[in-house]
Amino acid sequence: MVTMKNLFKITMPVILVMILASLLPGIFPCVDTAQFKGNYRIPYSQGENYFLYEKYINRVASSGRIAVIGDSVIWGHYTGSDDNLVATLNASAGTDRFANIGIDGIHPAALYGLIDNYCASLSNRRVIIGINLLWMSSPRHDLSGGVNTSINHSALLSQVPGRIPAYSPSVEERLTLLARRKITLFAWIDHIRASRFADRSVYRWTMANPRACPGEYLAGQEESYTPPDPVQPDRMTGRDMDWVMPADSLQWMYMIKSIRKLKTRGNDVIAVITPFNRFMLTEKSRLERDMIISVIRETLSADGIPVIVPELDKAEYYADLSHPVAEGYSIMAMQLAENTLFAEFTGQHK
Amino acid sequence: MLFQTWTFFIFFTLLYLLFRIIRGPEARGYLVLFASLIFYAWWNPWYIFLILWIITADYTVVFLMERYGRRRPILAVSVINSILVLGFFKYAGFLADSINYLFAAAGTGTAVSRPEIILPAGISFYIFISLGYVFDYYYGNTEREKSWFSYALFVSFFPQIIAGPICRASMMLPQFKLFRGPSADDTAEGIYLFTRGIFRKIVLADYFALYADRIFGNPAQFASADLALGALAFTWQIYFDFSGYTDMARGIARMFGIDLMENFRLPYMACGTREFWQRWHISLSSWFGDFVYKPLGGNRSGRLKESRNIITTMLLSGLWHGAAWNFLLWGLIHGILHSMSKAAGRFSITGRVPVFAKRIFTFIIVVFTWIFFRSENAADAFTFITGIFSFSAGVPAAPLLMIMLMVVCYALHWLAEYRWLRFMERPTARGFAVAAMVLCLLFVSSSRVSGFIYQQF
């Protein structure tokens with residue numbers, strides 16, 4: 001009896017602390033939500049902060065705005081937060097009708113994980129999904145080639161071994177990622193670290209700033225994003241792409257799965273195949289690109305998903321192979337606004 | 001599979017549940033043996049054959065000794081087998097490097113190729129556990145274990161296989177025979193020890209490692225104060241790293257109702273280098289004391305031979321730690337210091353030095369010896385020490401938090417030594433300590449997992 005009492009005395013404080021700690025994520029999410037307005041997009045440095053992303057999605061869902069989801073093309077890698085596609089659409093609509101829920105660097109396999117795990121609150125809402133052909137432009141991008149140790153957003157990938165040939169982490173890495181995804185307390189701790197402490201533990205921070213006062217650490221850092229310089233049009237030369245055709249493409253399979261996931265949640269979905277720079281393709285690659293677009297169009301149309309394919313006709317509208325510059329986004333927004341399917345979609349009220 | 005990983009968490013949970021379901025010491029023994037082999041195979045499945053070979057060879061040697069008497073040639077078979085296995089896996093590269101160095105110095109222009117062998121995890125530990133049993137039997141300290149399975153479990157018991165403690169058969173085999181399962185007290189103690197161990201490793205050792213690695217990575221670049229702080233950082237890093245592992249191992253074993261021996265007793269409170277070795281890595285020190293120092297003659301054959309025996313034992317201890325000249329040098333220094341302190345002890349003047357001064361002096365000496373242990377090579381170690389005594393100016397790059405933590409650790413050592421922390425033995429105090437440590441771990445730990453220093457030996 002005495003020994004049971006000792007065990008109780010040791011375990012009780014631990015259980016109490018764990019209960020208190022697990023309540024923290026529910027108590028403090030309000031700190032972040034104040035900023036989710038206008039042309040807000042998940043900051044570049046917080047791209048892997050999925051706890052923050054989920055809070056943002058909840059806010060978008062409750063506001064009834066049209067969510068625009070996708071990778072860096074939707075996010076606006078070469079522009080500020082007021083010059084990307086969503087910002088331009090909002091400017092032409094005159095209201096904050098659209099919400100930029102894109103994430104820089106996300107690819108379809110990770111996008112599926114994002115939608116599956118963090119976008120449940122978007123059910124029954126209108127969603128515009130961006131499709132970037134870049135992810136099918138080579139077996140490496142498609143993740144169907146050899147093992148790649150630097151895959152973006154690996155925390156969002158399926159952790160079942162063998163599903164993604166290029167993704168081959170250790171069992172321990174898979175378990176760590178799963179724990180961070182499934183245990184809210186860990187996700188919240190990661191969020192606090194990423195959003196307040198520049199993704200560093202206090203230990204690493206003290207090493208980098210040995211003479212700074214620890215109080216500075218608690219103050220966090222202001223987010224600032226400087227878009228990179230675009231490739232100059234005169235340097236854009238035609239290249240041969242090692243395209244992976246949709247029938248064989250892993251990324252396309254995940255894109256289809258993502259769209260179907262949204263549909264099963266009652267979302268109205270429209271797909272936008274974002275422009276792929278034809279000024280950087282050889283004639284052969286350009287034809288292959290057009291073929292892929294027509295296959296995508298057919299497949300999605302068969303699923304009842306409207307598809308829009310904006311086109312940019314000048315090299316200076318592009319920043320690189322797949323990203324437009326601010327002017328390119330304006331043209332895209334204009335083309336979308338003039339598109340009947342888009343007008344019907346945005347004019348719908350659920 | 002490191003203790004502080006999710007993989008181990010799942011492994012432990014499954015094993016613990018099965019262990020609680022299964023009744024009877026024999027069935028529990030089989031289960032834990034099977035689990036131990038899986039645990040070891042996780043690093044490299046092929047090395048499972050190596051540990052099975054060591055177990056079977058030493059089991060057979062003791063069987064032969066029982067049958068034909070405790071004869072030296074039979075004992076030699078086990079010793080030679082152990083030396084050959086260790087020599088091949090651990091020292092072949094060192095030997096090749098040394099031969100090539102001699103060839104180069106002689107200008108022969110030839111070189112032997114360096115074998116690229118992956119060192120099996122914990123090889124020095126389980127070979128010493130097994131060889132210790134053979135020695136114990138040879139000297140009549142223990143009975144022969146009749147069951148191969150019980151013996152295999154003793155050698156491969158997963159909490160201690162990677163970095164000890166190097167427990168003796170007389171302590172462990174009777175526990176495995178009973179395998180009574182944990183009492184509530186065992187579980188409480190196990191939880192406390194495991195949490196303390198993981199806290200020591202992740203919150204303390206890994207922090208000190210950040211600074212120590214930076215300084216030892218390029219000692220020539222830093223000023224005196226940084227070098228001194230770097231040496232201190234490593235002093236605390238290695239203590240918390242190794243004692244953290246031991247705590248975790250003892251905690252896990254305790255949760256299965258098994259008591260592993262204590263391996264550390266506030267080593268930085270020692271009053272001399274001899275006492276340091278009675279407090280640091282106690283299981284290894286007693287192994288070398290019983291099976292090397294004493295058979296060499298110990299202190300029975302005059303002062304000169306005693307010094308020779310001490311230095312030989314410490315040299316071998318250095319070599320056990322690693323196949324490199326800096327480890328040999330580290331062992332030699334400890335041997336010389338140990339002999340000198342014995343000689344100095346004969347003068348009455350040493351008795352007048354206050355105990356606190358002896359403790360501080362010994363601590364400083366130990367810090368300097370760690371420089372040889374941590375440096376990439378002997379030249380780096382001398383550069384490091386010369387750098388400290390160059391008294392070069394410069395504001396240290398050491399974080400204030402780390403310096404404060406060092407001071408707190410040292411102060412806690414003093415308080416614990418003088419029994420001011422006895423209240424921490426109360427279950428409620430331990431409960432709050434565990435809760436505080438868990439909280440720190442949650443916020444400080446990163447997703448990056450670092451290995452233990454001693455697991456590479």
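How each quantity is defined
- Residues numbered from 1 in each chain as written.
- Chains lettered and ligands numbered in written order.
- Predicted model: local features only at pLDDT ≥ 70, side-chain atom pairs only at ≥ 80, totals over all residues.
- Heavy atoms only, no water.
- Axes fitted to C-alpha atoms, helices over the stretch in contact; angles between N-to-C directions.
- Helix = DSSP H or I, 4+ residues; strand = E, 2+ residues; numbered from the N terminus.
- Parallel < 35°, antiparallel > 145°, perpendicular 65-115°, else oblique.
- Left-handed = near helix turned anticlockwise from the far one by under 90°.
- Contact = heavy atoms within 4.5 Å.
- Nonpolar A, V, L, I, M, F, W, Y, C, P; charged D, E, K, R; others polar.
- Buried area = accessible area lost by both parts, 1.4 Å probe.
- Salt bridge = Lys/Arg side-chain N within 4 Å of Asp/Glu carboxyl O.
- Polar contact = N/O pair within 3.5 Å; in protein donor to acceptor, adjacent residues only side chain to side chain.
- Pairing = 2+ DSSP bridges.
- Domains from an automatic or database assignment.
- Buried < 20%, exposed > 50% of the residue type's maximum accessible area, 1.4 Å probe, protein only.

With that settled, the discussion passes to the packing of helix α3 (residues 48-68) of chain B against helix α6 (residues 148-156) of chain B. Residues and elements named next belong to chain B. Orientation of α3 relative to α6, taken along the N-to-C sense of each, is 125°, at an axis distance of 10 Å. The angle between the axes of α3 and α6 places the two elements in the oblique class. The handedness of the crossing between α3 and α6 comes out as right-handed. Here I51, L52, I55, T56, D58 and Y59 of α3 lie close against α6, whose contacting residues are W148, Y151, A152, V155 and S156. Residues that form the contact of α3 with α6 fall into these classes: eight nonpolar, two polar and one charged.

The interface of chain B with chain A comprises 42 residues on the first partner and 31 residues on the second. Between chain B and chain A, roughly 3200 Å² of surface is buried when both sides are summed, and carbon and sulfur atoms account for 74% of that area. In this structure, the connection of chain B to chain A is made through zero salt bridges. Where chain B meets chain A, there are five residue pairs in polar contact (both at pLDDT 80 or more). Looking at the side of chain B that touches chain A, the elements with two or more residues in it are α1 (6-21), α9 (184-217), α17 (400-417) and α18 (427-444) of chain B. The class makeup of the residues in the side of chain B that touches chain A is 30 nonpolar, eight polar and four charged.

This part takes up the sheet that holds strand β3 (residues 126-131) of chain A. Residue and element names in this part refer to chain A. What the five strands build is an open sheet, ordered β2-β1-β3-β4-β5; its pairing is parallel. Sheet topology places β2 (98-100) and β5 (307-308) at the edges, where each strand pairs with a single neighbour. Note: β3 against strand β4 (residues 268-273), six bridges, orientation parallel. Paired with I131 across the bridge in β4 is I273.

Moving on to the domain arrangement of chain B. Put simply, an interface is often sized by how much accessible area is lost when its parts join up. All names here are of chain B. The domain architecture assigned to chain B consists of domain 1 (6-179) and domain 2 (185-456). Placing the centre of domain 1 and that of domain 2 at their C-alpha centroids yields a distance of 25 Å. Residue-level contacts link 37 residues of domain 1 with 35 residues of domain 2. Summing both sides of the interface, domain 1 and domain 2 together bury roughly 3100 Å²; the carbon and sulfur share of this comes to 72%. Considering only the surface of domain 1 that becomes buried against domain 2, F94, F128 and R168 emerge as the three largest contributors, covering 19% of it. Between the two partners, domain 1 and domain 2, sit one salt bridge. Here R168 makes a salt bridge to D290, at a shortest N to O gap of 3.0 Å. Going through the elements one at a time, α1, α4 (72-106), α5 (123-138), α7 (158-161) and α8 (169-178) are the ones with two or more residues in the side of domain 1 that touches domain 2.

The next subject is the pattern of salt bridges. Residue and element names in this part refer to chain B. A full pass over the atoms with the stated rule returns 28 salt bridges over all chains. A salt bridge links K146 to E66, with the nearest nitrogen and oxygen atoms 3.5 Å apart. Placement of K146 in the loop between α5 and α6 and of E66 in helix α3 is noted, with a sequence separation of 80 residues between them. With a relative accessible area of 53%, K146 lands in the exposed category. One salt bridge in this structure joins R254 and D259, with 4.0 Å as the shortest N-O distance.

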